[in-house]
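If you want the building blocks of each chain, they are given just below.
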Amino acid sequence: MKNKFYITTPIYYPSAEAHIGHAYCTVMCDILARYKRLRGVETYFLTGTDEHGQKIQEKAKDKGVTPQQYVDEIAAKFIDLWKELRISNDDFIRTTQDRHVKATQKVFSKLFANDDIYLGKYEGWYCTPCESFWTDTQVGEDHLCPDCGRPVHKEVEEAYFFKTQKYLPQLLKEMDENPKFILPIARKNEMMNTFIKPGLNDLCVSRTSFDWGVPILENPKHVMYVWLDALSNYITALGYGSDNDSLFKKFWADPNCEIVHVVGADISRFHVIYWPMFLTGLGLRLPDRVFVHGLLDLNGDKMSKSKGNVVSPLPLIKRYGVDAVRWFLAREFAFGSDGRFTSELFAERTNMDLANNFGNLVNRTSAMIVKYFDGVVPELRSPSEKEENIRVLTEKTVKTYEICMDDLKVSEGLTAVGELLNAANKYIEESQPWVLSKEGRIEELGNVMAVLVNSIVTATKLLSPVLVESAPKVYAQFGLNKEQEKYDLVYEFCPFKGNKVSRCDPLFPRLDIKVETEYIDSISKH
Ligand code: ME8
């Protein structure tokens, strides 16, 4: 494992408010950042907003405000939402910030001086909502955007181009030599077959038909085309191209820093093809991995801000708590595959995993320790086969979890922890503590309690990057001191003898599926 970690989300367009899809990507990155910090890895986590471009300019005009006023308002909402979702980002970059504008101009100048960029003419099909040019083949006979399905229009203008062929051999070599450069692995074939094999055109990197962008110093009638501007954020946020580039040196420039970009399938080509080429042109190292996550739809319909069929995370957080929302996103969908948001899935997942499997185990265990042992965790003595089985499973769970999380397989890692919780619940049924108590078999009863506390605390630590609000509550409920809260105790078995346990309100009340699905449907239909 490298000893530093730099993880980024896409910088989102503040063209409308964030929906559950944006929350999904940001929460997944937050979980990975928190996991790395838990493991003692020096971590830097970046998110932000991509504020230039024709679409923003047009939206601001429609609203009768300046583009800057327009983006200021929406960017503030993104920042608020990330607070509500307890996102632990170290920085929030906005592409209209001076630090970014100046550094991006340096990026352009350097590529231009390097003869990677030349002035030409662009004629192509443009999709304004997606800020993307498309070729004849891509838009087909109906002239529809391959990404969003809306009509595109022809545009011809003088423009700067980036020479993609110059760096293609290096990109192909990287893709070959580093099989984990694009994850999940299947995405690599998609990139090759859809974009690279049919022939890669040079990329248009400037526009003259609107002015809401980073001005190109070499030719001020041009503004930078949004993708060169946007992608550069991953290095400008670290101070690349500025006088204060200590973060850049510390993270990007250090080969011992693992760099991970997490992006949705809709924008993977920009990250997998063009971004590595820009970096190579700048003489910089490439990220270690571009992880392409799937897109969520809403009851089978593509979710999209501009279409308006979206679920906002805020009312969900208000009603069910931040942990339920984070858990649902992280556990329900295999990270890397597309998924479907439905109210039933949300309510059922919350009940099954959080109320029943986890919350109930915490409640039952604390109630039994209060009842049978005056609230003091007993010692594990001469364990039987049952206890030994849980010990082996706990060790295995920790290992599996760590391997999965290091490999960005978040949902698989969480599933493994869920299995430990299942086993602990089953262990209660098999051990029948109420019978042990009745028959005065106190040592055996004590073993069961010690093992249950260990299972709960270990699982809570492993889940703490997700369950940010409940984890500290569980630690308090089982009387953990600061030393005991440390992650490394997951490698020990039953070190909580003598801890004071208290009873608390249920962590996750059971949801009435009918009532809650109606509620969620009412907030997600437009
Ligand atoms: O593309 N399901 O910004 P954007 C899951 N500014 N994730 C979703 C989603 C959905 N239905 N909808 C959006 C841009 N996302 C550019 C990025 S990066 C240098 C520039 C997430 O606001 C997903 O991560 O359209 C997707 O890639 C991203 O939001 C696109 O956000």
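How each quantity is defined
Residues numbered from 1 in each chain as written. Predicted model: local features only at pLDDT ≥ 70, side-chain atom pairs only at ≥ 80, totals over all residues. Heavy atoms only, no water. Helix = DSSP H or I, 4+ residues; strand = E, 2+ residues; numbered from the N terminus. Rg over C-alpha atoms; globule rule 2.2 N^0.38 Å. Buried < 20%, exposed > 50% of the residue type's maximum accessible area, 1.4 Å probe, protein only. Contact = heavy atoms within 4.5 Å. Areas by Shrake-Rupley, 256 points an atom, 1.4 Å probe, with all protein chains shown as cover. Lys, Arg positive; Asp, Glu negative; His and termini not counted. Charge placed at Lys NZ, Arg CZ, Asp CG, Glu CD. Pairing = 2+ DSSP bridges. Expected span 1.5 Å × (residues − 1). Axes fitted to C-alpha atoms, helices over the stretch in contact; angles between N-to-C directions. Parallel < 35°, antiparallel > 145°, perpendicular 65-115°, else oblique. Left-handed = near helix turned anticlockwise from the far one by under 90°. Nonpolar A, V, L, I, M, F, W, Y, C, P; charged D, E, K, R; others polar. Domains from an automatic or database assignment. Buried area = accessible area lost by both parts, 1.4 Å probe. Salt bridge = Lys/Arg side-chain N within 4 Å of Asp/Glu carboxyl O. Polar contact = N/O pair within 3.5 Å; in protein donor to acceptor, adjacent residues only side chain to side chain. Phe/Tyr/Trp six-rings, centres within 6.5 Å; stacked < 30°, edge-to-face > 60°. Lys NZ or Arg CZ within 6 Å of the ring centre and 35° of its normal. Bend = angle between axes of the 7 residues up to and from the residue. Core = buried A, V, L, I, M, F, W, Y, C linked by side-chain atoms within 4.5 Å.

**Describing the overall build of the chain**
Then step 1. Each helix and strand in the chain was counted, giving 20 helices and 15 strands.
Then step 2. On C-alpha atoms alone, the chain measures out to a radius of gyration of 26 Å, which is about the 24 Å that the 2.2 N^0.38 rule sets for 526 residues.
Then step 3. Viewed in the frame of its principal axes, the chain has a C-alpha envelope of about 90 × 50 × 40 Å.
Then step 4. Considering the chain as a whole, with its 526 residues, one finds that 57% of them fall into the buried category.
Then step 5. Pairs at least 24 residues apart make up 78% of the contacts formed inside the chain by residues separated by at least 6 positions.
Then step 6. Of the accessible surface of the chain, which amounts to about 21600 Å², a share of 51% is contributed by carbon and sulfur atoms.
Then step 7. Mean positive and mean negative side-chain charge positions of the chain (65 and 73 charges, respectively) differ by 2 Å.

**A word on the environment of Ile-196**
Then step 1. With respect to the element layout, Ile-196 can be found in helix H7 (residues 186-196).
Then step 2. Owing to a relative accessible area of 7%, Ile-196 belongs among the buried residues under this scheme.
Then step 3. Not counting the four nearest positions on each side in its chain, Ile-196 is found in contact with Leu-168, Leu-171, Leu-172, Met-175, Met-191 and Ile-273.

**Describing the sheet that holds strand E14 (residues 301-302)**
Then step 1. Spatial strand order, E14-E13-E15: three strands in an open sheet with mixed pairing. Each edge of the open sheet is held by one strand with a lone partner, namely E14 and strand E15 (339-341).
Then step 2. The pairing of strand E13 (residues 296-298) with E14 spans two bridges and is antiparallel. Directly across from Asp-297, in E14, lies its bridge partner Lys-302.

**Quick notes on helix H4 (residues 98-113)**
Then step 1. With 16 residues, H4 ought to run about 22 Å at 1.5 Å a step, and its terminal C-alpha atoms sit 22 Å apart, in line with that.
Then step 2. Looking one or two places after H4, you find Asp-115, whose phi comes out positive at around 65°.

**Description of unusual backbone geometry**
Then step 1. In this chain, Leu-183 is followed by Pro-184 through a cis amide linkage whose omega measures -15°.
Then step 2. Within the fold, Pro-184 resides in the loop between strand E7 (182-183) and H7.
Then step 3. Unlike most non-glycine residues, Asn-299 shows phi in positive territory, near 50°.
Then step 4. In the Ramachandran plot, Gln-432 falls in the positive-phi region, its phi being about 45° despite a non-glycine side chain.
Then step 5. Examined against the element boundaries, Gln-432 turns out to sit in the loop between helix H16 (410-431) and helix H17 (433-438).

**Thoughts on the sheet that holds strand E2 (residues 42-49)**
Then step 1. Taken in spatial order, the six strands of this open sheet run E3-E2-E1-E11-E12-E7, and their pairing is parallel. Both edges of this open sheet fall to strand E3 (91-94) and E7, since each of them pairs with a single strand only.
Then step 2. Along the sheet, helix H1 (residues 20-38) contacts strand E1 (4-12), E2, strand E11 (257-264) and strand E12 (289-293); its crossing angle with E1, the most-contacted strand, is approximately 170°.
Then step 3. Lying on the sheet, helix H3 (residues 67-84) is in contact with E1, E2 and E3; it crosses E3 at an angle near 160°.

**Observations concerning the packing of H16 against helix H18 (residues 442-463)**
Then step 1. At a closest axis distance of 10 Å, the pairing of H16 and H18 adopts a crossing angle of 165°. In terms of axis orientation, H16 runs roughly antiparallel to H18. In this structure, H16 crosses over H18, and the sense of that crossing is left-handed. Between H16, through Leu-414, Val-417, Leu-420, Leu-421, Ala-424, Tyr-427, Ile-428 and Ser-431, and H18, the contact on the second element is made entirely by Asn-447, Val-448, Val-451, Leu-452, Ser-455, Ala-459, Leu-462 and Leu-463.
Then step 2. Split by residue class, the contact of H16 with H18 holds 13 nonpolar, three polar and no charged.

**Some points on the domain arrangement of the chain**
Then step 1. Segmenting the chain into domains produces domain 1 (4-293) and domain 2 (342-491).
Then step 2. Taken together, the contacts link 14 residues of domain 1 with 15 residues of domain 2.
Then step 3. Contact between domain 1 and domain 2 buries roughly 1500 Å² in total, counting both sides, with carbon and sulfur atoms accounting for 65%.
Then step 4. The largest share of the area that domain 1 buries against domain 2 comes from Ile-31, Tyr-35 and Leu-38, three residues that together contribute 37% of it.
Then step 5. The shortest N-O distance in the salt bridge between Glu-402 and Arg-39 comes to 3.7 Å.
Then step 6. At the junction of domain 1 with domain 2, the criterion picks out four residue pairs in polar contact (both at pLDDT 80 or more).
Then step 7. Those elements that place two or more of their residues in the side of domain 1 that touches domain 2 are H1 and E12.
Then step 8. Broken down by element, the residue count for the side of domain 1 that touches domain 2 peaks at seven residues, all from H1.

**Looking at the packing of aromatic side chains**
Then step 1. Counted according to the given criterion, the structure contains 29 aromatic pairs.
Then step 2. Seen in terms of ring centroids, Tyr-12 and Phe-78 are 5.9 Å apart; in terms of plane orientation they differ by 15°. Their pairing is stacked. Separated by 66 residues along the polypeptide, Tyr-12 in strand E1 and Phe-78 in helix H3 bring together distant segments of the chain. Residues Tyr-12 and Phe-78 agree in their burial class; the two are buried.
Then step 3. Both rings, one in Phe-328 and one in Phe-333, keep their centres 5.3 Å apart while their planes meet at 80°; by these two values the pair is edge-to-face.
Then step 4. Overall, Phe-333 belongs to the buried group, its relative accessible area being 4%.
Then step 5. Through pairs of rings, three or more aromatic residues link up here, namely Tyr-24, Phe-291, Tyr-320, Phe-328, Phe-333, Phe-335, Phe-341, Phe-346 and Tyr-519.
Then step 6. The aromatic ring of Phe-5 is capped on one face by Lys-36, whose charged end is 5.0 Å from the ring centroid.
Then step 7. Geometry around Tyr-519 places Arg-319 over its ring, the cationic atom sitting 3.9 Å from the centre.

**Points about helix H11 (residues 268-281)**
Then step 1. For H11, built from 14 residues, the straight-helix expectation of 20 Å at 1.5 Å per residue is met to within 8% by its first-to-last C-alpha distance of 20 Å.
Then step 2. Remark: the principal bend of H11, roughly 35°, maps to Tyr-274, with a proline, Pro-276, within the next four residues.
Then step 3. The buried fraction of H11 amounts to 13 of the 14 residues, a majority that puts the element mostly inside the structure.
Then step 4. Positive backbone phi, approximately 75°, marks Gly-283, located one or two places after H11.

**Let's talk about the nonpolar core**
Then step 1. Counting residues in each nonpolar core, the largest one holds 106 residues, and the members touching the most others are Ile-7, Trp-82, Leu-85, Leu-329, Phe-341, Leu-452 and Phe-478.
Then step 2. At twelve residues, H18 tops the list of elements feeding residues into this core.
Then step 3. Lining this core are residues from two domains, each supplying at least three of them: domain 1 (4-293) and domain 2 (342-491).
Then step 4. Excluding anything up to four places from it in sequence, Leu-452 contacts Leu-361, Thr-365, Met-368, Ala-424, Tyr-427 and Ile-428.
Then step 5. Tyr-160, Phe-270, Trp-275 and Leu-286 belong to the second largest nonpolar core, which has 66 residues in total.

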